[in-house]
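# Understanding the architecture of this molecule
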Amino acid sequence: MTLDDGTHDATHVPLFPPEDISIESKRENEFGSLTSKSYLFQVKSCHNEPIPEPIIDTPPYYISLITYVNYLILIIFGHVHDFLGIHFQRSKHLDIVEKDGMAPWYSKFESFYVRRLKKRIDDCFSRPTTGVPGRFIQCIDRVSHGFNEYFTYPGTTNMCLNLSSYNYLGFAQSEGQCTDAAISAVEKYGLHSGGSRSQIGTTELHQEAERLIAKFVGKEDAMIFSMGYGTNANFFNAFLDSKCLIVSDELNHTSIRTGVRLSGATVRSFKHGDMEGLEKLIREQIVIGQPKTGRPWKKILICVEGLFSMEGTMCNLPELVELKKRYKCYLYVDEAHSIGAVGPKGRGVCDLFGVNPHDIDILMGTLTKSFGAAGGYIACDKWIIDKLRCDLTTPNYAESPAAPVLAQIISSLRTIIGELNPGEGQERLQRIAFNSRYFRLALQRLGFIVYGNADSPVIPMLLYCPSKMPAFSRIMLQRKIAVVVVAYPATPLIESRVRFCMSASLTKEDIDYLLRHVDEVGEMLNLKLNSGKSSWDGKVQRWDIEEVIRRTPEDCKDDKYFVC
């Protein structure tokens, strides 16, 4: 039902679709219709102002103690099981015992965590899905046997509300202009690009995609790759050598760590978001110089992420730019999670902070998350791109992006910029901004400990005890909600969490449904541990769920609650 203002009546939008859906309702299930224009929020630029130090809330001491005791019990029982199994059930432990004079496949100690801890909750990870990961996602049912020793599949699926995909702007759709562009590209170019770019040359799709990306992020030139991980893993080897220094945030993604190791450069890390520590480290390294010789560094590269995917925090870009200029360093910003999803125009952290993109030497991003495609890009000055085209191994040895993938990138970018369907891209940006702010503030008011910045579409909610991680994941799946839980080694040992991935495809009613269930499960598992330290008034917040749903949508738009 359509209202007079052109929006839709929420009471006529079904929350959960039937298993057999018609083609007409498919688009609604992949991208929910906006139910009211009041559920939009226009992000404002910080105008080159640095952000304050983040306030990290902590649980009561007894929670930390119980978490450590939980792990201690699991470790003790795991070693007891290993001892008894090796001596009395040797046939079931062949992978960690010697056989016929041959060494075991795995070291008993090194494989302990995977075998005795992670394996017990493997049903919470890597759940198979089918179809489009849009507003709803179809999870393939599976039955666990022998404490997740193996799974069987009955052939059924579950339609779940999707809080587990990086579909930030909702471009993962089987209907719409992006899909039409991808199909047209298949008809014209075929499914494959035909090999590496060195073999077939650069098509007009490559050129247009790179031109649009460079224009979008505000750099001279750009270069696209078929894999986001490989973009990071191969860049540093081409840009740096053993006479260079990399100063890296301690929470940088593993793809950055891989690339740094391959480069052979010297690496020094600084505490996450600590600008004073970063400056002190740079000053020390400039004085010390290269190892053994003491000569000046050939290059010093500061490497950070725009939005940190496990914490939901953003880099302090204005201060990073100031340090970079002061000490004549290069600055590398990985915008895998921020490009397209952050900023007034969706152009990442530069857009959010009001920083000139020319002040950042290298901007990296992925095309998987906000754009619903695949691959990654490097955007920087033309002289760097020219060098990368000659030296970088990725374009020479890897497959180039396929034609439909490039068409998806181009069409989604043109939608965000406003060249296609004017107004649609801006609406998607305003929807994800509202959804992220609303859900984060609602969780805090319900009493949960939540990390990250206000405008981050990644919203980590802390669980702490290892037993609560599988419990939360399994209960939410029973309630037809797909979530991602994260544990060590991706997070600190005692900071296991559920990581909600917000999307513009979700409606306000979807988030209300989610909040009601998170509130109930949080009460069941004793997850409401917020001390109030991270709230705007410094008081413990324990709002009723009905009051949260009624008052929070307007409050989340008030900047006094979200200091930039």
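Sequence positions are assigned chain by chain, starting from 1 and proceeding in written order. Two thresholds apply to this predicted model, a pLDDT of at least 70 for residue-level local features and 80 or more for giving and counting side-chain atom pairs, whereas whole-chain, interface and lining totals are computed over all residues. With hydrogens and water excluded, all non-hydrogen atoms of the structure serve as input to the side-chain values.

Per an unreviewed UniProt entry, the recorded name for the protein chain is serine C-palmitoyltransferase, and the organism is Huiozyma naganishii. UniProt positions are given in the numbering used here, feature names are shortened, and annotations may be inferred rather than shown by experiment. Its UniProt record gives the protein chain the following Sequence similarities (unreviewed entry) comment, quoted word for word: "Belongs to the class-II pyridoxal-phosphate-dependent aminotransferase family." UniProt lists a comment for the protein chain under the heading Catalytic activity (unreviewed entry), and it reads "L-serine + hexadecanoyl-CoA + H(+) = 3-oxosphinganine + CO2 + CoA".

### Observations concerning the overall build of the protein chain
Counting from the N terminus, the helices are the DSSP runs of H or I reaching at least four residues and the strands are the DSSP runs of E reaching at least two. Along the protein chain, the regular secondary structure elements total 18 helices and 16 strands. Radius of gyration (C-alpha) of the protein chain: 25 Å, near the 24 Å computed for a compact globule of 564 residues. Overall size of the protein chain, expressed as C-alpha extent along the three principal axes, is 75 × 60 × 55 Å. Note on classification: 1.4 Å probe, protein chains only; a residue is buried when its accessible area is under 20% of the maximum for its type, exposed when over 50%, partly exposed between these limits. Considering the protein chain as a whole, with its 564 residues, one finds that 54% of them fall into the buried category. The long-range share in the protein chain, meaning contacts at least 24 apart out of those at least 6 apart in sequence, stands at 73%. A total accessible area of about 25300 Å² is found for the protein chain, and carbon and sulfur atoms account for 55% of it. As defined in this context, the radius of gyration uses C-alpha atoms, and a globule is described by 2.2 Å times the residue total to the power 0.38. Here, residues are in contact when the closest pair of their heavy atoms is within 4.5 Å. Methods summary: accessible areas were calculated by the Shrake-Rupley approach with a probe of 1.4 Å, and residue burial reflects only the protein chains presented.

### Details of the nonpolar core
Throughout, nonpolar core names a set of buried Ala, Val, Leu, Ile, Met, Phe, Trp, Tyr and Cys residues whose side chains join them through atoms within 4.5 Å. Leu317, Leu443, Met461, Phe472 and Phe500 are the most contacted members of the largest nonpolar core, which has 116 residues in total. Annotation comment: domain bounds sourced from an automatic or database domain assignment. Looking at which domains feed residues into this core, each of domain 1 (22–126 + 128–163 + 430–563) and domain 2 (177–417) gives three or more. Ignoring anything within four residues of it in the chain, the contact list for phenylalanine 500 reads Leu163, Phe439, Leu443, Pro457, Val458, Ile459, Met461, Phe472, Val483, Leu514 and Val518. By size, the runner-up hydrophobic cluster in this structure holds 23 residues, among which are Ala238, Cys244, Tyr332 and Leu392.

### Section: the pairing of strand S12 (residues 376–380)
Burial analysis of S12 places 5 of its 5 residues in the buried class, the great majority of the element. Taking every second residue as pointing to the same face, both faces of S12 are buried, with Gly376, Ile378 and Cys380 on one and Tyr377 and Ala379 on the other. Should DSSP find at least two bridges between two strands, the strands are regarded as paired. As defined by bridge partners, strand S6 (residues 221–225) adjoins S12 across 5 bridges and the pair is classed as antiparallel. Bridge pairing in S12 links aspartate 221 to cysteine 380.

### Considering the environment of serine 33
By secondary structure assignment, the location of serine 33 is in the loop between helix H1 (23–30) and helix H2 (61–88). Considered as a pair, serine 33 and threonine 507 are 474 residues apart in the sequence and their alpha carbons are 7.0 Å apart.

### Re the pairing of strand S13 (residues 458–464)
Buried residues dominate S13, accounting for 7 of its 7 residues. By the alternation rule, side chains of S13 split into Val458, Pro460, Leu462 and Tyr464 and Ile459, Met461 and Leu463, which are all buried. Relative to strand S16 (residues 496–501), S13 runs antiparallel, the two sharing 6 bridges. The residue of S16 that forms the bridge with isoleucine 459 is phenylalanine 500.

### Thoughts on the sheet that holds strand S1 (residues 129–130)
Hydrogen bonds between backbone atoms are what pair the strands of a sheet, whose relative direction is either parallel or antiparallel. Strand order across the open sheet formed by 4 strands is S1-S2-S5-S14, with mixed pairing between neighbours. Sheet topology places S1 and strand S14 (481–482) at the edges, where each strand pairs with a single neighbour. Of the pairings in the sheet, the one linking S1 to strand S2 (residues 136–140) comprises 2 bridges and is antiparallel in character. Within S2, the position partnered with threonine 130 by the bridge is glutamine 138.

### Looking at the packing of aromatic side chains
A pair of aromatic rings is counted whenever rings of Phe, Tyr or Trp (Trp by its six-membered ring) have centres within 6.5 Å, and the orientation is called stacked for planes under 30 degrees apart, edge-to-face for over 60 and tilted otherwise. Scanning all chains against the criterion turns up 12 aromatic pairs. Ring geometry for phenylalanine 439 against phenylalanine 500: centres 4.9 Å apart, planes inclined by 85°, an arrangement best described as edge-to-face. Remark: phenylalanine 500 occurs in strand S16 and phenylalanine 439 occurs in helix H15 (residues 424–446); sequence separation between them is 61 residues. For the pair phenylalanine 439 and phenylalanine 500, one class covers both residues: buried. A connected cluster of aromatic rings, assembled from ring pairs, spans Phe235, Phe236, Phe239, Tyr330 and Tyr332. When the ring centre of phenylalanine 147 is taken as origin, the NZ or CZ atom of arginine 120, which lies over that ring, is 5.0 Å away. The ring of phenylalanine 239 carries the charged tip of lysine 299 above its face, separated from the ring centre by 4.9 Å. Whether a charge sits over a ring depends on NZ of Lys or CZ of Arg being within 6 Å of the ring centre and within 35 degrees of the ring normal.

### Looking at helix H6 (residues 204–217)
Compared with an ideal rise of 1.5 Å per residue, which puts 14 residues at 20 Å, H6 spans 20 Å between its outermost C-alpha atoms and is within 8% of the ideal. Of the residues making up H6, those classed as buried are Leu205, His206, Ala209, Glu210, Leu212, Ile213, Ala214, Phe216 and Val217. Trailing H6 by a residue or two, glycine 218 shows a phi angle of about 85°, which is positive. A helix is expected to span 1.5 Å for every residue after the first.

### A look at the sheet that holds strand S8 (residues 266–270)
Taken in spatial order, the 7 strands make up an open sheet running S6-S12-S11-S10-S9-S7-S8, and their pairing is mixed. Unpaired on one side and paired on the other, S6 and S8 mark the two borders of the sheet. Ignoring strand direction, the axes of neighbouring strands in this sheet form an average angle of 20°. Structural elements are reduced to axes, namely lines fitted to C-alpha atoms, with helices fitted over the stretch in contact, and the angle between N-to-C directions of any two is expressed from 0 to 180 degrees. Relative to the sheet, H6 contacts S6, strand S11 (362–366) and S12, its axis offset from that of S6 by approximately 125°. Of the strands in this sheet, strand S9 (300–305) and strand S10 (330–334) touch helix H10 (residues 317–326), which is tilted by about 155° from S10.

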